Amino acid sequence: MTSAPAVKALICPNCGAPVEIRAAGYTVSFVCGHCGTTLDAIDPELKPIAAAQKAFKKPEIALGTRAMLRGGEWEAIGYVERTDGETPWAEYLLFSPYLGYRFLVDAGSRWSLGTVLDRVPERRVGDRVWLDRKSYGRASEENYVARVTFVVGEFYWRVAVGETVRVTEFERSGALLSCEANDAERTWTRLDILKPGEAEAAFGIPPREEEEDDDSDDPLRPSPYAGRLWSWGAIALFAIGFLVLSTWSARPKQQLFFAQLSAIPDAPEKTAVLGQVTIDQTEPVTITGSADNLDNEWIDVDYSLVNRKTQESYDAYATLEHYHGTDSDGAWQEGSPVGIVKLSSVPPGQYDLVADISAHRWAASGPYGNLSASAQDATATLPITVWVDRGGSFSGNFWTALLLILAWPSVLAYLHYAHEKRRQLAYNR
Amino acid sequence: MRLSTLLYLLWCVLIVAAFGTATRYGWSPYASGGRPVFTRGFVGPHHK
């Protein structure tokens, strides 16, 4: 549209009242605001097309009202009420000589601004359509028929009470795609859900009150959590990246020593100094013990890392064990012959690693199933290998930090998901 | 930037700083130490 159409002042041939056609040149039909008679706006004599409507009413936004809304100055020129048989709603036809037509849809507690598309959605797969590279899902399984119940003002098509269209709706957060079809044509309209109070403030009408059973988080409006979900996700990704880098940089640095010793099952506990450990800086120390020849036996090892200077002791306990036997389900085995203990924040210094070792043999039968008899000689010694590493990090720290970082985005994701579910339910009501 | 996003950013900085410090000094609440009472009160096979 390149030029502003002139307002045309005319007389209604039915009631004789003065009427104005605001979009002269574009308007096809006109409903007199005084008597409700539908007139042919193309005919210079405004020939009546349909008789006056019996129950005539005035729209809440008076026709001719101008308002700034979503980047344009609009004038309300037409008003139509429609119903799907259960729920009524109203639509205002807005006109701008520079931007064309829009529909302001009044659905009670929610307003939306509709733009008739000059193209069809880019593609359609199953119940989803794509418009401007955005995906819209089918709002409900069933189509519905929308019927005009009241009309006043001017329109760019011949609208009349009783006119029906089949409507199929697709939705995404904050927007709807409505496909309206009749025997002659099919039109696609994109409806952007307006913020609460936005339309009322623009057209100077009282703001709508929230429905009693509605919370301020209207499910038909865009999810208030979607934007934050992306930014929080990005922050979480950076934080997790740091955790991974930090863990990688703290991988075990050096094996401090390696010792071999032995234990005799059911012999008195013995104490041995396994070796000397030198720690240069405060760091964790990992002590790994392994006994590969266990045969229904276990070894208790009490480690003590004793500072030579201060006699301060860092203690830890490990069990090396391996059991096997048979029961009604067949053969079984359990227990780990490798025991790993990790001491945290060991200060720098010279240490002796002392171990109290006692080995035991489990009875061949007992309350916990029938164990295979040990093939080893009762006095046979059990070789144990112990090695000590410094450095490294604790996986428990990593998983705890990960949990704490992801906790809030998880709550946000849940709220977003719940909002989307409620939106789906609201459309399907 | 929303206040909630700023607070979450600060939360992550706090967690990352605590993790980095704990890693630097090799500290962990999950470190071994002492003879566990509840997890290893029983020795021998648990098979039934």
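Residues numbered from 1 in each chain as written. Chains lettered and ligands numbered in written order. Predicted model: local features only at pLDDT ≥ 70, side-chain atom pairs only at ≥ 80, totals over all residues. Heavy atoms only, no water.

## Focus: the overall build of chain B
Next up, step 1: Within chain B one finds one helix and zero strands.
Next up, step 2: A buried classification covers 29% of the 48 residues belonging to chain B.
Next up, step 3: Total accessible area on chain B is roughly 3300 Å²; 70% of this is exposed by carbon and sulfur atoms. (Helix = DSSP H or I, 4+ residues; strand = E, 2+ residues; numbered from the N terminus. Buried < 20%, exposed > 50% of the residue type's maximum accessible area, 1.4 Å probe, protein only. Areas by Shrake-Rupley, 256 points an atom, 1.4 Å probe, with all protein chains shown as cover.)

## Details of the environment of A:Asn14
Next up, step 1: The residue A:Asn14 is located in the loop between strand 1 (8–11) and strand 2 (18–21) in this model.
Next up, step 2: Each residue touching A:Asn14, except ones within four places of it in the same chain, is listed here: A:Cys35 and A:Thr37. (Contact = heavy atoms within 4.5 Å.)

## Some remarks on the confidence of the model for chain A
Next up, step 1: Overall, the prediction assigns chain A a mean pLDDT of 84, with 88% of residues at 70 or greater.
Next up, step 2: Counting interchain partners and residues more than four positions distant, the pLDDT-below-50 stretch residues 212–216 of chain A has three contacts. (pLDDT = per-residue confidence, 0-100.)

## Observations concerning the side chain of A:His322
Residue and element names in this part refer to chain A.
Next up, step 1: By the secondary structure assignment, histidine 322 is in strand 22 (residues 313–327).
Next up, step 2: Of the polar contacts made by the side chain of histidine 322, one reaches the backbone oxygen of leucine 294; its length is 3.4 Å.
Next up, step 3: When residues no more than four places from it in sequence are discounted, the contact partners of histidine 322 are Leu294, Asp295, Asn296, Glu297, Gln333, Glu334 and Gly335. (Polar contact = N/O pair within 3.5 Å; in protein donor to acceptor, adjacent residues only side chain to side chain.)

## Comments concerning the confidence of the model for chain B
Next up, step 1: Mean pLDDT over chain B works out to 79, with 67% of the residues at or above the 70 mark.
Next up, step 2: At the level of chain-chain contacts, confidence expressed as ipTM amounts to 0.84, with global pTM at 0.57.

## A short note on the pattern of salt bridges
Next up, step 1: Going through the model one piece at a time under the given rule, you end up with 14 salt bridges over all chains.
Next up, step 2: Each member of the salt-bridge network shares a partner with another, and the members are A:Arg22, A:Arg66 and A:Glu75. (Salt bridge = Lys/Arg side-chain N within 4 Å of Asp/Glu carboxyl O.)

## Brief notes about the environment of B:Ser4
Next up, step 1: Of note, B:Ser4 is situated in helix 1 (residues 3–24).
Next up, step 2: Relative accessible area serves as the criterion here: at 22%, B:Ser4 is assigned to the partly exposed category.
Next up, step 3: Among all residues touching B:Ser4, those that are not within four sequence positions of it are A:Arg228 and A:Trp232.
Next up, step 4: A distance of 3.4 Å separates polar atoms of two side chains, one belonging to B:Ser4 and the other to A:Arg228.

## With respect to the interface of chain B and chain A
Next up, step 1: Of the residues lining the interface, 34 residues belong to chain B; the matching set on chain A comes to 48 residues.
Next up, step 2: Buried area between chain B and chain A, both sides added, is near 3500 Å², and the carbon and sulfur share of it is 63%.
Next up, step 3: Summed over the shared surface of chain B and chain A, the number is zero salt bridges.
Next up, step 4: For the interface between chain B and chain A, the tally reads ten residue pairs in polar contact (both at pLDDT 80 or more).
Next up, step 5: Residues of the side of chain B that touches chain A, tallied by class, amount to 17 nonpolar, twelve polar and five charged. (Buried area = accessible area lost by both parts, 1.4 Å probe. Nonpolar A, V, L, I, M, F, W, Y, C, P; charged D, E, K, R; others polar.)

## A short note on the packing of helix 2 (residues 226–249) of chain A against helix 1 of chain B
A pair of packed helices can be characterised by two numbers: the angle between their axes and the separation between those axes.
Next up, step 1: At a closest axis distance of 10 Å, the pairing of helix 2 of chain A and helix 1 of chain B adopts a crossing angle of 5°. With respect to helix 1 of chain B, the element helix 2 of chain A is oriented roughly parallel. Of helix 1 of chain B, the residues touching helix 2 of chain A (which contributes A:Arg228, A:Ser231, A:Trp232, A:Ile235, A:Ala236, A:Ala239, A:Phe242, A:Leu243, A:Ser246 and A:Thr247) are B:Ser4, B:Thr5, B:Tyr8, B:Leu9, B:Cys12, B:Val16, B:Phe19, B:Gly20 and B:Thr23.
Next up, step 2: Each residue belonging to the contact of helix 2 of chain A with helix 1 of chain B can be placed in one class, and the counts come to eleven nonpolar, seven polar and one charged. (Axes fitted to C-alpha atoms, helices over the stretch in contact; angles between N-to-C directions. Parallel < 35°, antiparallel > 145°, perpendicular 65-115°, else oblique.)

## Notes on the packing of aromatic side chains
Next up, step 1: A full pass over the atoms with the stated rule returns 17 aromatic pairs over all chains.
Next up, step 2: Relative to A:Tyr92, the ring of A:Tyr79 lies with its centre 4.8 Å away and its plane at 55°, an arrangement referred to as tilted. Taken together, the residues A:Tyr79 in strand 7 (residues 72–83) and A:Tyr92 in strand 8 (residues 88–96) connect sequence positions 13 residues apart.
Next up, step 3: According to the relative accessible area criterion, A:Tyr79 is buried, its value standing at 7%.
Next up, step 4: On the basis of relative accessible area, A:Tyr92 is assigned to the buried category, the value being 1%.
Next up, step 5: Seen from their ring centres, A:Trp232 and B:Tyr8 are 4.6 Å apart, and the 10° between their planes marks the pair as stacked. (Phe/Tyr/Trp six-rings, centres within 6.5 Å; stacked < 30°, edge-to-face > 60°.)

## A word on a nonpolar patch on the surface
Next up, step 1: Nonpolar side chains collect at one region of the surface, where B:Met1, B:Leu3, B:Leu6, B:Leu7, B:Leu9, B:Leu10 and B:Val13 lie side by side and expose about 710 Å² of accessible area between them.
Next up, step 2: Relative accessible area serves as the criterion here: at 48%, B:Val13 is assigned to the partly exposed category. (Patch = residues over 30% accessible without salt bridge, like charges linked within 9 Å, V, L, I, M, F, W, Y side chains within 5 Å.)

## Focus: the side chain of A:Glu297
Next up, step 1: Its location among the elements puts A:Glu297 in strand 21 (residues 297–307).
Next up, step 2: A distance of 2.4 Å separates the side chain of A:Glu297 from the side chain of A:Arg361, its partner in a polar contact.

## What to know about helix 1 of chain B
What sets the pattern is the α-helix's 3.6 residues per turn: residues three or four places apart point alike.
Residues and elements named next belong to chain B.
Next up, step 1: For helix 1, which comprises 22 residues, the first-to-last C-alpha distance of 31 Å matches the rise-based estimate of 32 Å (1.5 Å per residue) to within 8%.
Next up, step 2: Within helix 1, burial applies to Thr5, Tyr8, Cys12, Ile15, Val16, Phe19, Gly20, Ala22 and Thr23. Within helix 1, the buried residues cover an arc of 165° as seen down the axis, which keeps them to one side. Set apart from the buried face of helix 1 by more than 90 degrees, the exposed residues are Leu3, Leu7, Leu10 and Leu14.
Next up, step 3: Two residues or fewer after helix 1 comes glycine 26, characterised by a positive phi angle close to 60°. (Expected span 1.5 Å × (residues − 1). Arc of directions from axis to C-beta.)

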